[in-house]
Amino acid sequence: MKITNDIKYVGVNDHDLDLFEGQYIVPEGMAYNSYAIIDEKIAVMDSVDLRFAQEWIENIKRETRGRLPDYLVIQHMEPDHSSSIMKFVEAFPTATLVSSAKAFSMMKNFFGTDFTDNRIVVGEGDTLSLGKHNLTVLTAPMVHWPEVIVTYDSTDKVLFSADGFGKFGALDVEEDWACEARRYYIGIVGKYGAQVQALLKKVAGLDIEIICPLHGPVLKENLGYYIDLYDTWSSYRPESEGVAIAYTSVYGNTKKAVELLAKELTDKGVKVALSDLARCDMHEAVEDAFRYSHLVLATTTYNADIFPFMKEFINHVTERGYQNRTVAFIENGSWAPMATKVMRAMLEKSKNLTYTEATVKINSAVSEENIVEIKALAEELAK
């Protein structure tokens, strides 16, 4: 794949992986992106997962047509982008490694060497000339590891964005960008919104025509759309008006309550995303919580606490900086109900949350009084 006349794609697709980072379902696989900038000198941008090292090396050889790479620029040390570094060094021993000081420290941990005799350490504003292409380094600490850099090619106006603007899914699969990019961002990068905002401010002054991430497609058109979404996500603003309903139900009574609520809201023209936390992809439910402006948490009191899947869900959203939303509660308990109290306490560290006045308190099964409460809650949420 040609990115520009001088920049070639040398990455790989992975359709063997079931769980990315051991937790994220990736039914359409993953792409591990790498790029070769072919100029008077050749720079390869990042490595790939070790399982695909030989394919990656062959891709480099094909695109460089017998020339040897001069540099391997390492922007991120997570193993899906770095574990083939030693294979690269074996294949191209004359090449120099270019990365941040923290990255070379991590290489010592991963590989037993920090390549002291064969490296260039770069930091904020440093440049690397390949001939007509000049690369400028921007540091991006905690987006989403501390050693991360991104690189700007001023000649072709390309931003090599590391894990920024990445998404789940291999490149040989056609699918909507936003859905899997949102799940990727919120799950993997979402805790570090302030750091993403800092990086967005750095790149705002650059003339960017192409974004080359380490996962997902190369972005060439309507870049404002992608940048605006990243700005929304990283500033923890709701992307869409709507209600995410996350629930657990032991014997079906809490499920009945949320289904009644969902119907009331839908009848009022409100967008609803309903998630049974014991059965759905938990990370899809977390994505919906961040996507929409309102969140309803519905669960049972369980062992004087709350149902485990709800506890896991709330931990996921609070860990990622959940804020700036309206939250409502539905609790169920046959005796000593306390689910609302527990859930609200778990949300105490979240900022700028507004709680609805209307609540629903079920004693075992949905009563006529509960139906009135559900209608009142729907009315308040719909406003």
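This report concerns the structure included in the present document. Given the structure is predicted, the values throughout are model-derived calculations rather than measurements.

The strand order across the open sheet built from six strands is β1-β6-β7-β8-β9-β10, with neighbouring strands paired in mixed fashion. Where the open sheet ends on each side, the last strands, each with one partner, are β1 (7-9) and β10 (119-121). Looking at each pair of strands side by side, their axes are set apart by 20° on average, direction ignored. Pairing between strand β7 (residues 42-45) and strand β8 (residues 71-73): three bridges, direction parallel. Each residue of the ladder has a partner; that of Ala43, found in β8, is Tyr71. Most of the contacts of helix α4 (residues 101-111) go to strand β9 (residues 96-99), to which it runs at about 120°, and overall it touches β9 and β10.

Moving on, we come to the sheet that holds strand β12 (residues 134-139). Taking strand neighbours across the sheet as the criterion, the five strands line up as β11-β12-β13-β14-β15 in an open arrangement whose pairing is mixed. This sheet does not close on itself; its edge strands, each paired only once, are β11 (127-129) and β15 (210-212). When strand polarity is set aside, the average angle formed by the axes of neighbouring strands in this sheet is 20°.

Our next topic: the packing of aromatic side chains. One pass over the full model with this rule turns up 21 aromatic pairs. Ring geometry for Tyr185 against Tyr230: centres 5.1 Å apart, planes inclined by 70°, an arrangement best described as edge-to-face. Of this pair, Tyr185 sits in helix α5 (residues 177-189) while Tyr230 sits in helix α7 (residues 223-234), placing them 45 residues apart in sequence. In this structure Tyr230 comes out as buried when scored by relative accessible area, which is 2%. In textbook terms, an aromatic cluster arises when at least three aromatic residues are bridged by ring pairs, as seen for Phe165, Trp177, Tyr185, Tyr225, Tyr226, Tyr230 and Trp233.

Attention shifts here to helix α8 (residues 253-267). With 15 residues, α8 extends 21 Å from end C-alpha to end C-alpha; this agrees with the ideal 21 Å at 1.5 Å per step. Of the positions making up α8, those classed as buried are Thr254, Ala257, Val258, Leu261, Ala262 and Leu265. Looking straight down α8, one finds that the buried residues subtend no more than 135° of arc, so they occupy a single side. Pointing more than 90 degrees away from the buried face of α8 are the exposed residues Lys263 and Asp267. On its buried face, α8 is in contact with β16 (240-247), β17 (272-276), β18 (292-302), β20 (323-332), β22 (360-362) and α12 (368-382).

What follows deals with the layout of surface pockets. Considered as a void within the structure, the largest pocket measures approximately 390 Å³ in volume. Every residue lining the largest pocket is counted, 18 residues in all, and those nearest its centre are Thr300, Thr301, Gly333, Ser334 and Trp335. Per element, the largest residue contribution to the lining of the largest pocket is three residues, and it comes from β18. Grouping the amino acids of the lining of the largest pocket by side-chain chemistry returns seven nonpolar, 11 polar and no charged. Roughly 260 Å³ of internal volume is contained in the second largest pocket. Along the wall of the second largest pocket there are 16 residues; nearest its centre are Leu171, Val173, Glu174, Pro217 and Val218. For the lining of the second largest pocket, the per-class residue count stands at nine nonpolar, two polar and five charged.

Conventions and cut-offs
Residues numbered from 1 in each chain as written. Predicted model: local features only at pLDDT ≥ 70, side-chain atom pairs only at ≥ 80, totals over all residues. Heavy atoms only, no water. Pairing = 2+ DSSP bridges. Helix = DSSP H or I, 4+ residues; strand = E, 2+ residues; numbered from the N terminus. Axes fitted to C-alpha atoms, helices over the stretch in contact; angles between N-to-C directions. Contact = heavy atoms within 4.5 Å. Phe/Tyr/Trp six-rings, centres within 6.5 Å; stacked < 30°, edge-to-face > 60°. Buried < 20%, exposed > 50% of the residue type's maximum accessible area, 1.4 Å probe, protein only. Expected span 1.5 Å × (residues − 1). Arc of directions from axis to C-beta. 1 Å grid on protein atoms, 1.4 Å probe; cavity = no way out; pocket = protein on both sides within 12 Å on 5 of 7 lines; lining within 4 Å. Points joined across faces, edges and corners; volume = space filled by probe spheres on them. Nonpolar A, V, L, I, M, F, W, Y, C, P; charged D, E, K, R; others polar.

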